[in-house]
Amino acid sequence: MPDVIAMGGLSTSLLIGVQALEVSQGALNATSNNIANANTAGYTREVPAISENAESVSGGVVTGGGVTLTGLQSVRDELLNLQIQQQTSSQSQADTTSTALSQVQTYFSTSGTDIETAFANFSSSLAALSSNPSSSSQQAGVISNGKNLAQAFNNTANGLTNVQSAMDEQVTQTVSQINTLSKQIAQLNSQLSQLTAAGQSGGTVEDQRDQLVQNLSQLTGISVTQSSNGEVITTGNGTPLVMGSQSFTLQTTTGSDGMQQVLDSSGNNVTSSIQGGTLGASITVRDQTIPSYLSQLNTLATQFASAFNAAQAKGYDSNGNTGQAFFSVPSSGTGAAAGLAVAITDPSQIAISSDGSAGSNGNVANLSAALTAALPSGKSPAQSFSDLVYQVGNDASNANTQSSAIAANLLQLTNQQSSVSGVSIDEETTNLIRYQTAYEAAARIVSTIQALSTVTLDMGASQSY
Amino acid sequence: MRVNPNMVPNMLADLAQSQSALNTALQEVATGKSVSQPSDNPSASADMVQNSIETANVDQYTQNTSSALSMVQTADSSLSSVVTSLTQAISLGTEASNGTINASNLQAIATQVQGILSSVVSQANTDYEGVYLFGGTASTTAPYTASSSSASGYTYNGNNNSNSVAIGDDQSVQVNLPGSQVFSNSTTDVLGSLSSLVSAIQSGSSSAIESATSSVSAALSYVDQQRVVYGNAETQLNSQETYLQNETVNLTSQQTSLIGIDEATAAETLSADETANSAALAAAAKVLPTTLLNYLSTPQ
């Protein structure tokens, strides 16, 4: 029955033509969506998943079954995404550290009001006393340079404390950003599991979630794992942030040192274990780096002040009295640099004389020696300060180097990710042409079948005469 | 492998890198410094702390050296005048002691010697910028003032100590001799011997004049010996001045090598960085706008 096969073939062909039209349209949709999102952050290109339909066998003759668009697939590399998240954490950690330390190091640069310059001026004004011990202008110079030195210590200590407070502020802000992101990610996880349950592709939701997870990794080091309930995100040390559709809130509370402490959702203090990202860097700079600088500065201020005061006590002032303390320094030790001040106001109170007579300069040598002799720390004031400058400079330089190294690494990873997931305008343009041609051809099939059907119908009509 | 279609991040990274290199090069040329903050070179910044304190000290030591030199020279020239005066007193004493001079002339000579005494006292009260040079460390008051109770007619207000001026980190030079040592010590008393010469001449006794004259001449040779202290100080100060000049040069060159730039190299780097930056910009301008669309005819 050859004509029956022919009639069935014609409608099958029509069906196949319509399927081809639908598939081409779907593919054009995907292409236009890719082009539309070419510059959308976190967008992963989608490719149409097209599959051939099952063949049909009729009377020993095999015919093709047409085509189906099974869906749109996002092209992503999960392993690459994980690496990018890790590097993003390290990058933002290095950047935060570098920014904080570049603020810190301005207090250790030669500016004219820094400790280095103040030490130099104080030292040279003391040497000037040696050649003219009874000159009131030279004496006043020592007092004012002493005040500048104390001021330089105060400014540096306050500058360090300010950076520390800024870091503390950042801890609170970052924790609140982390909580917002955790909540959003949990919501997206829940949406995604619903879509998956319904058998739908959740490419867009996944893109959004990946983007949020990457934002989260900027804030703190995280570890991402997949479970049956969806994505599980914890901080590097295991404090849970997101478990599938559930999010856990971090809290902050003022600690005994006045700094904000980070608590996990059950109220345990996890501050010291947080690493990576803005939060990790802020906590490290706030709790370790700056306190270490401050303690060295305080030790220097305390020991230098007491060495100079001891030298002052060895001599006599212009009125023949035993020299009294030149510097006053808070006895507590912490806050020594911030509280260092010149205790005497009258230039005649400088203990220049070694024998009590007003014109003697015998004690100047002791005063000058206080600046060059080793302090109880084993180093002279200049050496101690120069060590500190080295440390600050080295830390800042390391943070900068690390930041640019990670930036290069991250760029490479992003390039790799982009080579997998990025939208290529050239490729999409080519696809546009392909799918356009396919659509035109499919339309031609439909119109051809229509023409053939008309011929067949007309044929039937002529037979009825 | 699929080629990364997105060139923007790479281009931006390249542009940022060449821009930052250009900024650094520009800053170095503009400031003449290769280190403007500690992180640029931590160890050079640390060394600069010592360098700038040392530089300030060397500047001050140089000033101290030149003012100490003036002090020492002033004191030395005072002593030289004293020597001249004493020589004059000795010849007057010798003249008075030969027994042929009449009483009124002796009185005239005595007046002359008295004048010499007051000129020696005024030399002993020499000051340099308000600092009395022969008062020991009591340099704020005149060392000798007239006093009727003292045998020589003058009393010493100073003390027996001396000041030393710092001219190096561990170096100082003694800049004064106390008057009690130079002019009025118990064995060779310049002022006392002149004063006894005056009384001897007034008394007219040849033997007394002779003995007084010989005391004056002993005082003269003693004062002459004391000038050696100043001569030595002057030598030491002159050589220290040279040393400090060299030290200034050393510190400046150390500073240049720590944080300075080599201008030729810096200018060359700047121009190389400029070229690199323009090349990166030109490449970006050429590559970024191009897609397949540029080559397809617009659909009719």
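Residues numbered from 1 in each chain as written. Chains lettered and ligands numbered in written order. Predicted model: local features only at pLDDT ≥ 70, side-chain atom pairs only at ≥ 80, totals over all residues.

### Here's the deal with the overall build of chain A
No. 1: Looking only at helices and strands, chain A features 10 helices and 12 strands.
No. 2: For 465 residues, the compact-globule formula gives about 23 Å, and the C-alpha radius of gyration of chain A, at 39 Å, lies well above that figure.
No. 3: On the principal axes, the C-alpha backbone points of chain A span a range of 150 × 45 × 30 Å.
No. 4: Residues classed as buried in chain A amount to 42% of the 465 residues present.
No. 5: Put simply, 70% of the contacts in chain A that link residues at least 6 apart link residues at least 24 apart. (Helix = DSSP H or I, 4+ residues; strand = E, 2+ residues; numbered from the N terminus. Rg over C-alpha atoms; globule rule 2.2 N^0.38 Å. Buried ≥ 20, exposed ≤ 12 C-beta atoms within 10 Å, placed from the backbone. Contact = placed C-beta atoms within 7 Å.)

### Regarding the overall build of chain B
No. 1: Along the backbone of chain B there are 7 helices and 6 strands.
No. 2: Secondary structure elements in chain B, listed N-terminal to C-terminal, are α-α-α-β-β-β-β-β-β-α-α-α-α.
No. 3: Projected onto the principal axes, the alpha-carbon positions of chain B cover approximately 145 × 30 × 25 Å.
No. 4: When contacts within chain B are restricted to residue pairs at least 6 apart in sequence, long-range pairs at least 24 apart make up 69% of them.

### Some words on unusual backbone geometry
All names here are of chain B.
No. 1: One non-glycine residue with positive phi stands out, namely E129, at about 50 degrees.
No. 2: Structurally, the position occupied by E129 is in the loop between β1 (127–128) and β2 (131–132).
No. 3: Accessibility expressed as a C-beta count within 10 Å gives 12 for E129, which makes it exposed.

### Re the environment of A:T96
Residues and elements named next belong to chain A.
No. 1: If you trace the backbone, T96 turns up in helix α2 (residues 78–106).
No. 2: Counting along the chain gives 181 residues from T96 to G277, while the straight-line C-alpha distance between them is 8.0 Å.
No. 3: Every residue in contact with T96, bar those within four places of it in the chain, is listed here: T278, A281 and S282.

### Quick look at the confidence of the model for chain B
In low-pLDDT regions, the fine details of the predicted coordinates are not to be read closely.
Residue and element names in this part refer to chain B.
No. 1: Residues of chain B with pLDDT of at least 70 account for 99%, and the chain-wide mean is 89.
No. 2: Across chain B, the element-wise mean pLDDT spans from 87 in β2 up to 92 in helix α6 (residues 206–259).
No. 3: For this predicted complex, the interface confidence reaches an ipTM of 0.82, while the overall pTM sits at 0.83. (pLDDT = per-residue confidence, 0-100.)

### Examining the interface of chain A and chain B
No. 1: Taken together, the contact pairs 55 residues of chain A with 48 residues of chain B.
No. 2: Put simply, the parts of the chain that give the side of chain A that touches chain B at least two residues each are α3 (115–131), α8 (364–372), α9 (381–421) and α10 (425–463) of chain A.
No. 3: In terms of residue count, the dominant contributor to the side of chain A that touches chain B is α9(A) (18 residues).
No. 4: Its residues assigned to classes, the side of chain A that touches chain B comprises 18 nonpolar, 32 polar and 5 charged. (Nonpolar A, V, L, I, M, F, W, Y, C, P; charged D, E, K, R; others polar.)

### What to know about the packing of helix α1 (residues 8–31) of chain B against helix α7 (residues 263–287) of chain B
Residues and elements named next belong to chain B.
No. 1: Two numbers describe how α1 lies on α7: the axes approach to 9 Å, and their chain directions differ by 155 degrees. Considering the angle they form, α1 stands roughly antiparallel to α7. Seen along the crossing, α1 lies across α7 with a hand that is left-handed. Contacts between α1 and α7 involve M11, D14, L15, S18, Q19, A21, L22, A25, L26, E28 and V29 from the former and A266, A267, T269, L270, D273, E274, A276, N277, A280, L281 and A284 from the latter.
No. 2: Considered class by class, the residues forming the contact of α1 with α7 number 14 nonpolar, 4 polar and 4 charged. (Axes fitted to C-alpha atoms, helices over the stretch in contact; angles between N-to-C directions. Parallel < 35°, antiparallel > 145°, perpendicular 65-115°, else oblique. Left-handed = near helix turned anticlockwise from the far one by under 90°.)

### As for the nonpolar core
No. 1: The biggest cluster of nonpolar side chains holds 145 residues, and the ones touching the most others in it are A:A301, B:V113 and B:L194.
No. 2: Counting residues per element, this core draws most heavily on helix α2 (residues 42–97) of chain B, which supplies 19 residues.
No. 3: A:A27, A:A30, A:L432 and A:Y435 belong to the second largest nonpolar core, which has 5 residues in total. (Core = buried A, V, L, I, M, F, W, Y, C linked by C-beta atoms within 7 Å.)

### A look at the sheet that holds strand β7 (residues 240–243) of chain A
All names here are of chain A.
No. 1: Judged by pairing direction, the sheet is antiparallel, and its 4 strands sit side by side in the order β5-β6-β7-β8 without closing on themselves. Unpaired on one side and paired on the other, β5 (222–227) and β8 (246–247) mark the two borders of the sheet.
No. 2: Two elements, β7 and β8, share 2 bridges in a ladder whose sense is antiparallel. Looking at the pairing, M243 lines up with Q246 of β8.
No. 3: The sheet contacts of helix α4 (residues 136–197) involve β6 (230–235), β7 and β8, and relative to β7 the element is tilted by about 20 degrees. (Pairing = 2+ DSSP bridges.)

### Quick notes on the packing of α3(A) against α2(B)
To describe two helices that pack against each other, one gives the angle between their axes and the distance between the axes.
No. 1: With their axes 8 Å apart at the nearest point, α3(A) and α2(B) run at an angle of 20 degrees to one another. With respect to α2(B), the element α3(A) is oriented roughly parallel. In this structure, α3(A) crosses over α2(B), and the sense of that crossing is right-handed. Across the interface between the two elements, A:E116, A:T117, A:F119, A:A120, A:N121, A:S123, A:S124, A:A127, A:A128, A:S130 and A:S131 from α3(A) touch B:V49, B:S52, B:I53, B:A56, B:N57, B:D59, B:Q60, B:Y61, B:Q63, B:N64, B:S67 and B:A68 from α2(B).
No. 2: Split by residue class, the contact of α3(A) with α2(B) holds 9 nonpolar, 12 polar and 2 charged.

### Concerning the domain arrangement of chain A
Residue and element names in this part refer to chain A.
No. 1: Its domain assignment divides chain A into domain 1 (2–75 + 424–463) and domain 2 (83–411).
No. 2: Averaged C-alpha coordinates put domain 1 and domain 2 at centres separated by 67 Å.
No. 3: With 9 residues of domain 1 in contact, the opposing surface of domain 2 contributes 7 residues.
No. 4: Looking at the side of domain 1 that touches domain 2, the element that brings in the most residues is strand β4 (residues 67–74), giving 4 residues.
No. 5: Within the side of domain 1 that touches domain 2, the residues separate by chemical class into 3 nonpolar, 5 polar and 1 charged. (Domains from an automatic or database assignment.)

### So, α2(B)
No. 1: The end-to-end C-alpha distance of α2(B), which contains 56 residues, comes to 81 Å, matching closely the 82 Å that a straight helix rising 1.5 Å per residue would cover.
No. 2: Immediately beyond the C-terminal end of α2(B), within one or two residues, lies B:G99, with a positive phi of roughly 80 degrees. (Expected span 1.5 Å × (residues − 1).)

### Some words on the pairing of strand β10 (residues 260–263) of chain A
No. 1: Only one face of β10(A) is covered, namely the one carrying A:Q260 and A:V262; the face carrying A:Q261 and A:L263 has none of its residues buried.
No. 2: Where strand β9 (residues 251–254) of chain A folds back onto β10(A) in an antiparallel hairpin, the turn is made up of 5 residues, including A:G258, whose phi is positive at roughly 85 degrees.

### As for α8(A)
No. 1: The set of residues buried in α8(A) consists of A:V364, A:N366, A:L367, A:S368, A:A370 and A:L371.
No. 2: Where the residues of α8(A) are buried, they touch α3, α6 (277–313) and α9 of chain A together with β5 (164–168) of chain B.

### Structural notes on the environment of A:Q303
All names here are of chain A.
No. 1: Here Q303 is to be found in helix α6.
No. 2: A tally of 19 C-beta atoms within 10 Å means that Q303 is categorised as partly exposed.
No. 3: Sequence separation between Q303 and A374 is 71 residues, and the spatial gap between their C-alpha atoms is 9.9 Å.
No. 4: Discounting chain neighbours no more than four positions away, the residues touching Q303 are L375, P376 and S377.

### Quick notes on the pairing of strand β6 (residues 171–174) of chain B
Residue and element names in this part refer to chain B.
No. 1: With 4 bridges joining them, β5 and β6 adopt antiparallel strand pairing. What sits directly across from V165, in β6, is V173.
No. 2: The turn joining β5 and β6, which pair antiparallel and follow one another in sequence, is formed by 2 residues.

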